[in-house]
Amino acid sequence: MRIWLDGTLRDDHDAKVSVLDHGLTVGDGVFETVKAQDGTLFALTRHLDRLTRSARGLGLPDPDLDEVRRACAAVVAEHPVPLGRLRITYTGGPSPLGSERGDGRPTLTVALGETARRPDTTAVITVPWVRNERSAVAGLKTTSYAENVVALARAHGEGASEALFANTVGRLCEGTGSNVFVVLDGELHTPPLSSGCLAGITRALAVEWTGAKETDLPFDVLERAEEVFLTSTLRDVQAVHRVDGRTLAAAPGPVTAKAMRIFEERAASDIDP
Ligand code: PLP
């Protein structure tokens, strides 16, 4: 595998970062996962905007987006896979132990791995741990993913592919790597950004293209929603057929199936919506 680091493509065994990189020592980094499909990157401009917003949120210098675009194009050209996840990682860079910040030379890496198309439906669990909507890093896509790793391991242990969090005031928030939509009385809803969820790019497009309402919802809405679906870069719109012990009849239901169709059509006609 060839990885972009320090302004050039390198073989993965030559792509080395300092053990004192702040991204490694304190998790001071941000990232994006972009869908690569037959040599094109979906919604790259939105991903780069969010990368900049996340970097600013952590107090990192703005990434050089011309370099990031060059890096993405070079990595995609090296790996002509039908479906891939392109990972952009941007950290505080190497820094003496104990310092609050990287030394001003951030580390940028871009890598791409092949991935398989996700199934149309999946099972999810709820977890007792919460997203903190008042956290300094709420809504930022940081590399500090430990809590998500723990929650996802529990989901996998229970035969599910995603774990859903409430926030500190008991409202529905998001999954470890996805946003969540529910259908109530035939209407489509998703939690607002004030719930502490990530401003998912797939979420924003799904809201724009389906007219879903952004609604503050109690966590136990998952016990009675008629339909539930997830959105993320690699899932697109994915129906949920089981939440904890509850099976949802005939997933994808009609509202979800319509959202899947609209998303597929619109995404196919515009790669950088
Ligand atoms: N929420 C979290 C915590 C995520 O990590 C992700 C993506 O990785 C999402 C939501 C979905 O965002 P997107 O649609 O931009 O992939």
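Each value, and the rule that gives it
- Residues numbered from 1 in each chain as written.
- Predicted model: local features only at pLDDT ≥ 70, side-chain atom pairs only at ≥ 80, totals over all residues.
- Heavy atoms only, no water.
- 1 Å grid on protein atoms, 1.4 Å probe; cavity = no way out; pocket = protein on both sides within 12 Å on 5 of 7 lines; lining within 4 Å.
- Points joined across faces, edges and corners; volume = space filled by probe spheres on them.
- Helix = DSSP H or I, 4+ residues; strand = E, 2+ residues; numbered from the N terminus.
- Domains from an automatic or database assignment.
- Nonpolar A, V, L, I, M, F, W, Y, C, P; charged D, E, K, R; others polar.
- Contact = heavy atoms within 4.5 Å.
- Buried area = accessible area lost by both parts, 1.4 Å probe.
- Near = heavy atom within 4 Å.
- Polar contact = N/O pair within 3.5 Å; in protein donor to acceptor, adjacent residues only side chain to side chain.
- Areas by Shrake-Rupley, 256 points an atom, 1.4 Å probe, with all protein chains shown as cover.
- Salt bridge = Lys/Arg side-chain N within 4 Å of Asp/Glu carboxyl O.
- Buried < 20%, exposed > 50% of the residue type's maximum accessible area, 1.4 Å probe, protein only.
- Phe/Tyr/Trp six-rings, centres within 6.5 Å; stacked < 30°, edge-to-face > 60°.

Please set out the layout of surface pockets residue by residue, giving values where relevant.
Computed from the structure, the largest pocket encloses a volume of approximately 1,100 Å³. Among the secondary structure elements, those contributing two or more residues to the lining of the largest pocket are strand 3 (29-37), helix 2 (44-58), strand 5 (83-91), strand 7 (121-131), helix 4 (146-157), strand 9 (172-175), helix 5 (201-210) and strand 13 (227-232). Broken down by element, the lining of the largest pocket gets its largest block of residues, 6 residues, from helix 4. Residues from two domains meet in the lining of the largest pocket; each of domain 1 (2-114) and domain 2 (121-269) gives at least three. Computed from the structure, the second largest pocket encloses a volume of approximately 550 Å³. Lining the second largest pocket are 27 residues; nearest its centre among them are Lys35, Gln37, Arg117, Asp236 and Glu264. Secondary-structure elements contributing two or more residues to the lining of the second largest pocket are strand 3, strand 4 (40-41), strand 14 (236-243) and helix 6 (254-269). With 6 residues, helix 6 is the single largest residue contributor to the lining of the second largest pocket. Its residues assigned to classes, the lining of the second largest pocket shows 14 nonpolar, 4 polar and 9 charged. Both domains that meet at the lining of the second largest pocket, namely domain 1 (2-114) and domain 2 (121-269), each give it at least three residues.

Could you give me a rundown of the domain arrangement of the protein, with the residues and numbers involved?
The accessible area lost on association of the parts is a frequent measure of interface size. Structurally, the protein comprises domain 1 (2-114) and domain 2 (121-269). Computed over C-alpha atoms only, the centres of domain 1 and domain 2 are separated by 26 Å. With 22 residues of domain 1 at the contact, the number on the domain 2 side is 19 residues. Three residues stand out in domain 1 for area buried against domain 2, namely Phe31, Arg46 and Arg50, and they jointly supply 37% of the buried area on that side.

So, the site of the ligand: which residues are in play, and what are the values?
Taken together, 16 residues sit near the ligand, with Lys141, Tyr145, Glu174, Thr202 and Thr233 positioned nearest. Here Lys141 contributes a side-chain N or O atom positioned 2.7 Å from an oxygen atom of the ligand. In this structure, Thr233 approaches the ligand through a side-chain N or O atom, which is 2.6 Å from an oxygen atom. Against a free-state accessible area of 390 Å², the protein chains account for coverage of 92% of the ligand. Counting only elements with at least two residues in the shell around the ligand, the list comes to strand 9 and helix 5. Considered class by class, the residues forming the shell around the ligand number 3 nonpolar, 9 polar and 4 charged.

Talk me through the pattern of salt bridges; I want residue IDs and the actual numbers.
Summed over the entire model, instances satisfying the criterion amount to 11 salt bridges. One salt bridge connects Asp120 with Arg117, and the closest N-O pair in it is separated by 3.0 Å. With relative accessibility at 60%, the residue Arg117 sits in the exposed group.

If you had to explain the packing of aromatic side chains to someone new, which residues and values would you point to?
Considering all chains together, one arrives at 4 aromatic pairs under this definition. With a centroid separation of 5.3 Å and an interplanar angle of 80 degrees, the aromatic rings of Phe31 and Tyr145 are classed as edge-to-face. Within this pair, whereas Phe31 is found in strand 3, its partner Tyr145 is found in the loop between strand 7 and helix 4, the two being separated by 114 residues in sequence. We classify Tyr145 as partly exposed; its relative accessible area is 27%.

If you had to explain empty space enclosed by the protein to someone new, which residues and values would you point to?
Considering all chains together, one arrives at 1 cavity of 30 Å³ or more under this definition. Of the pockets and cavities examined, the largest cavity occupies roughly 40 Å³. For the lining of the largest cavity, the element with the most residues is helix 5, which contributes 3 residues. For the lining of the largest cavity, the per-class residue count stands at 4 nonpolar, 4 polar and 2 charged. Composition of the lining of the largest cavity by domain shows at least three residues from each of domain 1 (2-114) and domain 2 (121-269).

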